[in-house]
Amino acid sequence: MGVVILLVMAAGVAAMLSRKLPTAFALVLLAVVIAFVAGAPLTGKDSVLDTVLQEGAPALAATMIAILLGSWLGKLLEETGIAGTLVRKIVEFGGDRPVFVALGVLAVSALVGTVTGSAPAAMLAGLIGIPAMIAVGIPKVTAAGTILMGIAVGIPFELPVWQFFSTALELPVDTVRGFMVKLFPFALVAAVAYVLVESRRRGVEHTWSLKSVQDKPAAPSRRKLLGDAPWYALLTPAVPLILALGFELAIIPSLLAGVLYALVTTTRPRDMNRRLLRTLYGGFEVAAPPITLFVAIGILLAAVKLPGAVDALEPLVKAVSPQNPILFVLVFTVLVPLCLYRGPLNAFGLGAGIAGVLIATGIYPAAAVLGMATSYNQVFGVADPTSTQTVWSAQYAGVSPQQVMVRTLPYVWVVALGGLCVTAASYL
Amino acid sequence: MSADHDLDLAVRLLAGTPTHEGRDPLTLRQWAIAAEEFGSRMTPEETPVRVVERDDGLAAGLLARYRSRPPVVELYVDTVARAEQLVVERGWRHWYPEGSVRAAALAHEQAHAWLHHAHVRAEFKRALGHTALRLGRRRVYAHVAGADELAAHAYARAACGLGRSPLLLTEALAAVAYPESEK
Ligand SMILES: [Zn+2]
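Residues numbered from 1 in each chain as written. Chains lettered and ligands numbered in written order. Predicted model: local features only at pLDDT ≥ 70, side-chain atom pairs only at ≥ 80, totals over all residues. Heavy atoms only, no water.

Chemist: Talk me through the overall build of chain B; I want residue IDs and the actual numbers.
Modeler: Across its full length, chain B carries eight helices and five strands. In sequence order, the secondary structure elements of chain B are arranged as α-α-β-α-β-β-α-α-α-β-β-α-α. For 183 residues, the compact-globule formula gives about 16 Å, and the C-alpha radius of gyration of chain B, at 17 Å, lands near that figure. The principal-axis extent of the C-alpha atoms belonging to chain B is close to 55 × 40 × 30 Å. Taking all 183 residues of chain B together, 49% fall into the buried category. Taken as a whole, chain B presents about 8700 Å² of accessible surface, with 53% of it coming from carbon and sulfur. Averaged over its 23 positive side-chain charges, chain B has a centre that lies 9 Å from the centre of its 24 negative ones. (Helix = DSSP H or I, 4+ residues; strand = E, 2+ residues; numbered from the N terminus. Rg over C-alpha atoms; globule rule 2.2 N^0.38 Å. Buried < 20%, exposed > 50% of the residue type's maximum accessible area, 1.4 Å probe, protein only. Areas by Shrake-Rupley, 256 points an atom, 1.4 Å probe, with all protein chains shown as cover. Lys, Arg positive; Asp, Glu negative; His and termini not counted. Charge placed at Lys NZ, Arg CZ, Asp CG, Glu CD.)

Chemist: Give me unusual backbone geometry: which residues, what numbers.
Modeler: Most peptide bonds take the trans form, and the phi angle of most residues other than glycine is negative. With an omega of -5°, the peptide bond between B:Arg69 and B:Pro70 qualifies as cis. You will see that A:Glu170, though not glycine, has its phi angle at about 50°, which is positive. Its location among the elements puts A:Glu170 in the loop between helix H9 (159-168) and helix H10 (173-202). For A:Glu170, a relative accessible area of 60% puts it in the exposed group. Phi at A:Glu248 takes a positive value of approximately 50°, unusual for a residue other than glycine. Along the chain, the position of A:Glu248 falls in the loop between helix H12 (238-246) and helix H13 (251-266).

Chemist: Could you give an account of the coordination of the zinc ion, with specific residues and numbers?
Modeler: All names here are of chain B. Only His-108 (NE2), His-112 (NE2), Glu-149 (OE) and Glu-149 (OE) from the protein reach the zinc ion as donors, at distances of 2.0 to 2.7 Å. Angles of 52 to 138° at the metal separate the four donor atoms of the zinc ion, which places the site in the irregular class. Each donor residue of the zinc ion lies on one chain, and together they are spaced H-x3-H-x36-E. Highlighted residues: His-108 in helix H5 (residues 100-114) and Glu-149 in helix H7 (residues 147-160), separated in sequence by 41 residues. Given the relative accessible area of 0%, His-108 is considered buried. Accessibility expressed as a relative area gives 10% for Glu-149, which makes it buried. (Donors = N, O, S within 2.8 Å, 3.2 Å for Na, K, Ca; no water. Tetrahedral: all angles 85-135°; square planar, octahedral: opposite > 155°, others 65-115°.)

Chemist: Got a sec to walk through the pairing of strand S2 (residues 62-68) of chain B? Specific residues and values, please.
Modeler: The side chains of a regular strand alternate, residue by residue, between the two faces of the sheet. Most of S2(B) is tucked away, with five of its seven residues classed as buried. Pairing analysis gives five bridges linking strand S1 (residues 205-209) of chain A to S2(B), with the strands arranged antiparallel. Within S2(B), the residue paired with A:Glu205 across the bridge is B:Arg67. One ladder, built from five bridges, connects S2(B) with strand S3 (residues 71-76) of chain B; its direction is antiparallel. When the bridges of S3(B) are listed, B:Arg67 appears paired with B:Val72. From the end of S2(B) to the start of S3(B), which pair antiparallel, there are two residues. (Pairing = 2+ DSSP bridges.)

Chemist: Can you tell me about the packing of aromatic side chains, naming the residues and giving the values?
Modeler: Residue and element names in this part refer to chain A. A full pass over the atoms with the stated rule returns 17 aromatic pairs over all chains. With centroids separated by 4.7 Å and ring planes inclined at 15°, the aromatic side chains of Trp-392 and Tyr-396 adopt a geometry described as stacked. On the criterion of helical spacing, the pair formed by Trp-392 and Tyr-396 is a turn pair, its members being four residues apart in helix H19 (residues 388-397). Judged by relative accessible area, Trp-392 falls into the buried class, the value being 18%. Assessed through its relative accessible area of 36%, Tyr-396 is described here as partly exposed. Within the aromatic cluster, the residues linked to one another by ring pairs are Phe-164, Phe-165, Phe-294, Phe-348 and Phe-380. Above the ring of Phe-100, the side-chain terminus of Arg-97 is found at 5.5 Å from the ring centroid. (Phe/Tyr/Trp six-rings, centres within 6.5 Å; stacked < 30°, edge-to-face > 60°. Lys NZ or Arg CZ within 6 Å of the ring centre and 35° of its normal.)

Chemist: Give me the interface of chain B and chain A: which residues, what numbers.
Modeler: Between chain B and chain A, the residue contacts involve 49 residues of the former and 33 residues of the latter. When chain B packs against chain A, close to 3700 Å² is buried across both sides, 58% of that on carbon and sulfur atoms. Among the residues chain B hides against chain A, the three largest losses belong to B:Thr19, B:Arg69 and B:His143. Together they make up 16% of the total. The tally of links from chain B across to chain A stands at four salt bridges. (Contact = heavy atoms within 4.5 Å. Buried area = accessible area lost by both parts, 1.4 Å probe. Salt bridge = Lys/Arg side-chain N within 4 Å of Asp/Glu carboxyl O.)

Chemist: Break down the packing of helix H5 (residues 82-94) of chain A against helix H7 (residues 118-135) of chain A for me, with residues and values.
Modeler: Any two packed helices are characterised by how steeply their axes cross, that is the angle between the axes, and by the distance between the axes. Residues and elements named next belong to chain A. Contact geometry for H5 and H7: axes closest at 9 Å, N-to-C directions at 25°. Viewed along their axes, H5 and H7 adopt a mutual orientation that is roughly parallel. As for how H5 packs across H7, the hand of that crossing is right-handed. Seen from H5, the contacting residues are Ala-83, Gly-84, Val-87 and Val-91; seen from H7, they are Leu-124, Ala-125, Ile-128, Gly-129 and Ala-132. Along the lines of polarity and charge, the residues of the contact of H5 with H7 split into seven nonpolar, two polar and no charged. (Axes fitted to C-alpha atoms, helices over the stretch in contact; angles between N-to-C directions. Parallel < 35°, antiparallel > 145°, perpendicular 65-115°, else oblique. Left-handed = near helix turned anticlockwise from the far one by under 90°. Nonpolar A, V, L, I, M, F, W, Y, C, P; charged D, E, K, R; others polar.)

Chemist: Mind laying out helix H15 (residues 307-320) of chain A, listing which residues take part and the relevant values?
Modeler: Residues and elements named next belong to chain A. Relative to the 20 Å expected for 14 residues at 1.5 Å per residue, H15 spans 20 Å between its end C-alpha atoms, a close match to the ideal helical length. Helix geometry: H15 is bent most strongly at Leu-313, by close to 40°, with proline Pro-315 lying one to four residues after it. Restricting attention to buried positions, one finds in H15 the residues Ala-309, Val-310, Ala-312, Leu-313 and Val-317. Those residues of H15 hidden inside the fold are in contact with helix H1 (2-17), helix H2 (23-37), helix H14 (269-304) and helix H17 (350-360). (Expected span 1.5 Å × (residues − 1). Bend = angle between axes of the 7 residues up to and from the residue.)

Chemist: Go over the sheet that holds S3(B), please, and point to the residues and values.
Modeler: The four strands are arranged S1(A)-S2(B)-S3(B)-S1(B) in an open sheet whose pairing can be described as mixed. Because the sheet does not close on itself, it has two edges, and the strands there are S1 of chain A together with strand S1 (50-54) of chain B. Strand-to-strand twist across the sheet, computed as the mean angle between neighbouring axes with direction ignored, equals 15°. Taken together, the five bridges between S1(B) and S3(B) define a ladder with parallel strand orientation. Bridge assignment links B:Val52 to a residue of S3(B), and that residue is B:Glu74.

Chemist: Lay out the confidence of the model for chain A in plain terms, naming residues and giving numbers.
Modeler: Detail in the predicted coordinates should be disregarded across regions flagged by low pLDDT. Scored by pLDDT, chain A has a mean of 88; 96% of the residues are at 70 or more. Averaged over each element, pLDDT in chain A is lowest for helix H11 (residues 223-226) of chain A (47) and highest for helix H8 (residues 140-154) of chain A (95). (pLDDT = per-residue confidence, 0-100.)

Chemist: Before we move on, could you go through the nonpolar core and cite the residues and values that matter?
Modeler: Counting residues in hydrophobic clusters, the biggest one holds 144 residues, and the most contacted among them are A:Ile34, A:Met133, A:Met149, A:Phe164, A:Phe165 and A:Ile297. When residues no more than four places from it in sequence are discounted, the contact partners of A:Ile34 are A:Ile5, A:Val8, A:Met9, A:Leu300, A:Ala303, A:Val304 and A:Ala309. Grouped together as the second largest cluster of nonpolar side chains are 50 residues, B:Val11, B:Ala105, B:Tyr155 and B:Leu173 included. (Core = buried A, V, L, I, M, F, W, Y, C linked by side-chain atoms within 4.5 Å.)

This is the structure in structure tokens:
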């Protein structure tokens, strides 16, 4: 039975890889097939309809709300000109030193990444950040990579991600936060190294481009009338972070506080209602793809945790999972590429199911699975050429996602190695 | 009239450069004038640089590219040839003498390299006069994104004795290369 389930999973990966099915649909289909193979009844206790579909779908509800709030805050950062002002200030102060600009945009991406993560963060920081970097002479691939590496610095402190791992792996938020704090230095050092090393290697470039004099359709921005955001409003991205990290406030109120702070620092009282609603609804649109994915992941998690599935998979997984800490680090570092291209170790895909199996079968402590999954998260968050933020950043900079992957992968692979070492040392 | 059009093109280039969205057109105009003035007075030193010829410029929308590490100027010969042809078609030979496009491209990229020297950067910022921060009497000059492009074009124009800004040629080339995006 276990072999059949693994084969089903392999077929699911193939379907996602070949783009035959969108990831979310593939995961739900996979979950239903796995549940049937595991011998689950149609209805009742541990069943396909009641347990997998009904209970699985809203299992990650808290994550979905966190994602929605993050997207809302992202929309506010955009509409109030906070993100744009940050980038403009950086260019004004250091535009004649491209490395300074890249490091500054890296910092902005990191801040924005803690709020919304993934594609919305890439757009928020990259929309002005990428052309601004290119305008001061940073090569295109380096510019796209800088945005992605920056977001990855923010990932360890991305509150919706805490919520996700806490719910999906059934761990207290404290544990997730504790590990993320240890993962952060690796992400930070790798990102700064990326900017410094790549700037040194690639230098600057300037083009005589035919596109420079083309009329660009001016974005219909309200910021035009509003001017810069005031300096204290620029602290907005840090607000949820300070509350959640420093004051250990829960995730949803921390994000709400960020929304409130952005609002009162930038908006006249009579405009507040309208702006709140407009940005909230805009946030729904941004949050739609990840929320869809989280519904599917919840369903998949419910399926792999069915007693039948656990019984079938346990002997198999036990046979191949290294218990020795050194072997653990080596094996899972070598397996890093398996989280790319929607691969089986992607925690926002089948990887969540595999993590569920590892925990449900008791092969590793849940905290070790957390370490593994978050380490991989650092890799595909930057380098996966099929993930939305990578595709967007690369294309917006005018290069291919594969070019960006090749240049960023060495750095994030080292981050994963670091995360796995910490995991083995702390939890095995 | 023609000088006005050159300046309009320069302002448009600045307006299209990120970080200038929503800037007052008058400010952009002042920056454009200052940048062109600075560029045409520049005296970059001759540095030996490798020139590589390529022929995929029209597809990429490029005429030339300077890369600092290692220092190399890539010249997109197909775009240069198209530009020379365009000069004839439009009857612009008196503005752009035979062979001047190639010379202008090399001068343009030479100017970029020069603008990366610390003392040139500092002078350029002072010439533009945009303030990033003011503390009492002290003030920190701000970088103006896109201004170096204008200075490079102005230098190329002065160095190669062009009658009009290379931006005019760029605009004409863009119209040929991207006919669909012409409104
Ligand atoms: Zn240039």
